[in-house]
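# Working through the structure, step by step
Here's the letter readout for the chains.
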Amino acid sequence: MTQPVVVPFWLLLLILAFAAITLASHFLFPSVRWFFRKRAEKALARLNKRLDRPIEFFKLARRQDMIVRLSYDLRVLEAVADHAAETGVPGSVAFEEARRYAREIVPGFSATLYFGVAIRLARWLSRLAYRVRIGKVDAALAHIDPKATVIFVMNHRSNMDYVLITWLVANRSAISYAVGEWARIWPLSALIRSMGAYFIRRRSRNTLYRRVLARYVQMATAQGTTQAIFPEGGLSLDGRVGAAKMGLLSYIVSAYEPGGRDVVFVPVGLAYDRVLEDRILTDAAQAGSRRFRGKPLATIKFILRNIWRKSRGRFKGFGTTAAGFGPPVSLRRFLRDAPDAPTEELGAHLMAEITKVVPVLPVPLVAAALTQNPADRAALLEGMIALQARLNAHGAVLKLSPQGVQATLDEGLEPLLHRRLIDENLAITAGSATLIAFYAASVLQRLE
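Here's what I pulled together on the structure shown here. For clarity, every value in this text was computed on a predicted model and none was experimentally measured.

What counts, and at which threshold
- Residues numbered from 1 in each chain as written.
- Predicted model: local features only at pLDDT ≥ 70, side-chain atom pairs only at ≥ 80, totals over all residues.
- Heavy atoms only, no water.
- Helix = DSSP H or I, 4+ residues; strand = E, 2+ residues; numbered from the N terminus.
- 1 Å grid on protein atoms, 1.4 Å probe; cavity = no way out; pocket = protein on both sides within 12 Å on 5 of 7 lines; lining within 4 Å.
- Points joined across faces, edges and corners; volume = space filled by probe spheres on them.
- Core = buried A, V, L, I, M, F, W, Y, C linked by side-chain atoms within 4.5 Å.
- Buried < 20%, exposed > 50% of the residue type's maximum accessible area, 1.4 Å probe, protein only.
- Axes fitted to C-alpha atoms, helices over the stretch in contact; angles between N-to-C directions.
- Parallel < 35°, antiparallel > 145°, perpendicular 65-115°, else oblique.
- Contact = heavy atoms within 4.5 Å.
- Nonpolar A, V, L, I, M, F, W, Y, C, P; charged D, E, K, R; others polar.

## A closer look at unusual backbone geometry
Phi angles above zero are rare outside glycine, and Arg 420 is one such case at about 60 degrees. In this fold, Arg 420 is placed in the loop between helix H17 (405–418) and helix H18 (433–446). Even without being glycine, Leu 426 reaches a positive phi, approximately 70 degrees. You can see Leu 426 is positioned in the loop between H17 and H18.

The following block contains the structure:
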């Protein structure tokens, strides 16, 4: 027992390496993880005290655990069995397909990244690009049941929508977004997923995928996760608030159980003096396709040029952006008052409420007046005054210059002249009519 054992030097190194790995994995790493987990739990507890709606434990669960939970959910397993029977593939193959969808959908939320990085970045970007204003905020928002699941439903004008709303509701809760295919690009996808967003294939007709996605949305809603969705299903191509697509709404409504946790929809109307993607959107509308033909090099050049202008004090931003928050819509009350109402009726009601709270800004108001073909500046001013009177009569939310209609005219004309969408005689330049109509649409829709 006390005799020395002679081993090759390489074997000794291998034994020591395995011993070090065992020591680290069984003693050091658990202790370090425990230390940081305790610190994270204390930080999260402090964070939840200042949030109107604390972060739900569902969102804090480990991503791998959530993937397993979703994959083995009873309704997902039923969908797997149905898919296997319909397609003739083995059950194990169908299950692996469902698990692949679960890995694609389930986010991995990081409170540190969301509140430590994303919120600050969103505030910086929003203030860098725009003058941010708040339109109408309905008083009933202060009285939402704290146990209810809150879902912000918004019109989709720009990809800046994600940035703007993330910042504006930062004091309420962390939002889980439904994000389209555009964001599934590395490394953007990893960043977005860590912020709690889940990816959806908007054009997918795969029944199994749809059922897995539906079950995830239903699980998140049942657990109280605050969400944000764009019922239109994509960016507006014509500047109007479009009709609601029933996908996500139908998933939420179909799983609602009377007497359970209420679901409260908060209508949010967004408006911009300058939509960064406006030319891409109007080109897609003219082509009759939602295949956006963005040019990465042109986009990078645009960003770098404006950063350079900002560093030299020449960049004044893209005008004003504003968000309005309408009266909350309780799903429990909606179904109680109209138990046989289809989901389409709820969708139409929500889109109507969103349209009501979309703020009217200087550039869209000037664009709407320009569509009346004013003869000169005085006629344009008269047209704006007439439009403003009609908007007030319709109860529209106006976020115009506090200095009056003359200042609003100057504020709205400057970017149109700078971009050469109109000339000095207020005539719409060649090829610019679609852009003028794009901005005017949100104002004219409010008068319908």
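## As for empty space enclosed by the protein
Scanning the entire structure with this criterion turns up two cavities of 30 Å³ or more. Reported here for the second largest cavity is a volume of approximately 70 Å³. Lining the second largest cavity are Gly 239, Val 241, Thr 355, Val 358, Pro 359, Val 360, Ser 442, Val 443, Gln 445 and Arg 446. For the lining of the second largest cavity, the leading source of residues is H18, giving four residues.

## A closer look at the nonpolar core
Of all hydrophobic cores here, the largest spans 73 residues; its most connected members are Phe 152, Ile 165 and Tyr 177. Core analysis: the second largest hydrophobic core is formed by 52 residues, Leu 70, Ala 102, Ile 229 and Met 246 among them.

## Some points on the packing of helix H15 (residues 362–370) against H17
The N-to-C vectors of H15 and H17 enclose an angle of 85 degrees; their axes lie 8 Å apart at closest approach. On the basis of their axis angle, the class for H15 and H17 is roughly perpendicular. Facing H15, whose interface residues are Pro 362, Val 363, Leu 365, Val 366 and Leu 370, H17 presents Thr 408, Leu 409, Glu 411, Gly 412, Leu 413, Pro 415 and Leu 416. Grouping the amino acids of the contact of H15 with H17 by side-chain chemistry returns nine nonpolar, two polar and one charged.

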